[in-house]
Amino acid sequence: MSHLNLVFLGPPGAGKGTQAKLLSRRHAIPQVSTGDILRSAVKNESPMGLKAREYMKTGALVPDDVVIGIVRERLECPDAQTGFILDGFPRTVPQAEALTLMLDELGKTLTAVVSFEVDRDELVQRLVGRRTCPACGAGYHVTYDPPRVDGICNACGSTLVQREDDREETVVNRLEVYDAQTAPLKAYYSSKGLLREVPGSGPIDQIERIIHDRIFGSCRDTA
Ligand code: AP5
């Protein structure tokens, strides 16, 4: 069976994490979220976490060399040898170029780059209403995907929290950073024939089916 080596690309709030978790479970491949890895480093107050927090709290990108190192280390782990979903990486052209080199060295190729398209106003609504479980990582939205009991995780019963960078003023900055630094990656991957655009609005299970069709309608053998 060919390996499924994917990149999920899209603005903050587009649903990359939501869909990556579903696809990760369905295909038993890891979701590699640079945002989650960085937030865990911030929580643990590691030297990298202390440095990253200064960028993340304003919605700026963490320096390329930091995230490239994180991804390289993660893709060498045993569970990433039969596939992976890169969620939130690459986010700049230098990161994309580094990924191309890294995959060459590891003898892997990308299967597809799934690009999520969502209207700007909807992105803001989604982000300011997002809640996450600090214990098990489950994600919710106060209106679109609420937990059964208000403020409590369905899966583990912990109290849900709002991410520090989901305040409205930080959200606006994150969207500007996306336009300036990450949106150019669509042209980068389109020129390589890897880009698969997916409408990110609508029911979550419908988007999941569209992603499946876009990937498997175009899947080619990869190492
Ligand atoms: P990161 O954690 O990657 O955040 P992001 O890209 O801004 O993406 P989000 O997690 O906010 O959104 P998402 O697309 O995953 O949407 P989700 O599924 O949660 O990065 C955070 C920070 O870390 C960055 O700002 C930067 O500082 C740093 N960083 C990370 N990677 C980096 C890199 N490579 N380089 C440099 N710095 C880096 O959904 C959002 C909400 O919408 C949820 O509430 C969800 O329930 C809801 N929702 C999902 N789908 C739907 C739907 N179909 N309909 C209605 N609601 C929906």
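So, here is what we can say about the structure in this document. Not measured: the values here are computed from a predicted model.

Here we come to the pattern of salt bridges. The tally for this structure, following the rule as stated, stands at 15 salt bridges. Salt-bridge contacts for Glu 164 lead to Arg 53; the nearest nitrogen and oxygen are separated by 2.7 Å. Residue Glu 164 is located in the loop between strand E6 (139–141) and helix H7 (168–182), and its partner Arg 53 is located in helix H3 (residues 47–56); the two are separated by 111 residues in the primary sequence. Note on Glu 164: relative accessible area 36%, which makes it partly exposed. Residue Asp 166 is joined to Arg 130 by a salt bridge in which the shortest nitrogen-to-oxygen separation is 2.9 Å.

Moving on, we get to the nonpolar core. Counting residues in each nonpolar core, the largest one holds 26 residues, and the members touching the most others are Leu 75, Leu 86, Leu 99, Leu 110, Val 113 and Tyr 189. If you list the elements that add at least two residues to this core, you get strand E1 (4–9), H3, helix H4 (64–75), strand E3 (83–87), helix H5 (93–106) and helix H8 (184–190). It is H4 that contributes the most residues to this core, five residues altogether. Setting aside anything within four residues of it in sequence, one finds Leu 99 in contact with Val 7, Leu 75, Leu 86, Phe 89, Pro 90, Leu 110 and Tyr 189. With 22 residues, the next largest nonpolar core counts Ala 20, Ala 112, Val 171 and Ile 210 among its residues.

Next up on the list: the site of the ligand. Around the ligand sit 35 residues in total, of which Thr 18, Ala 60, Arg 91, Arg 130 and Arg 174 are the nearest. Between an oxygen atom of the ligand and a side-chain N or O atom of Lys 16, the distance comes to 2.9 Å. At a separation of 2.9 Å, a nitrogen atom of the ligand approaches a polar side-chain atom of Gln 95. For the ligand, whose free accessible area comes to 1,000 Å², the fraction covered by protein is 95%. Where the shell around the ligand is concerned, the elements lending two or more residues are helix H1 (16–27), helix H2 (34–43), helix H6 (120–128), E6 and helix H9 (204–216). By residue number, the principal contributor to the shell around the ligand is H2, which donates four residues. In terms of residue class, the shell around the ligand is made up of 15 nonpolar, 11 polar and nine charged.

What counts as what
- Residues numbered from 1 in each chain as written.
- Predicted model: local features only at pLDDT ≥ 70, side-chain atom pairs only at ≥ 80, totals over all residues.
- Heavy atoms only, no water.
- Salt bridge = Lys/Arg side-chain N within 4 Å of Asp/Glu carboxyl O.
- Helix = DSSP H or I, 4+ residues; strand = E, 2+ residues; numbered from the N terminus.
- Buried < 20%, exposed > 50% of the residue type's maximum accessible area, 1.4 Å probe, protein only.
- Core = buried A, V, L, I, M, F, W, Y, C linked by side-chain atoms within 4.5 Å.
- Contact = heavy atoms within 4.5 Å.
- Near = heavy atom within 4 Å.
- Polar contact = N/O pair within 3.5 Å; in protein donor to acceptor, adjacent residues only side chain to side chain.
- Areas by Shrake-Rupley, 256 points an atom, 1.4 Å probe, with all protein chains shown as cover.
- Nonpolar A, V, L, I, M, F, W, Y, C, P; charged D, E, K, R; others polar.

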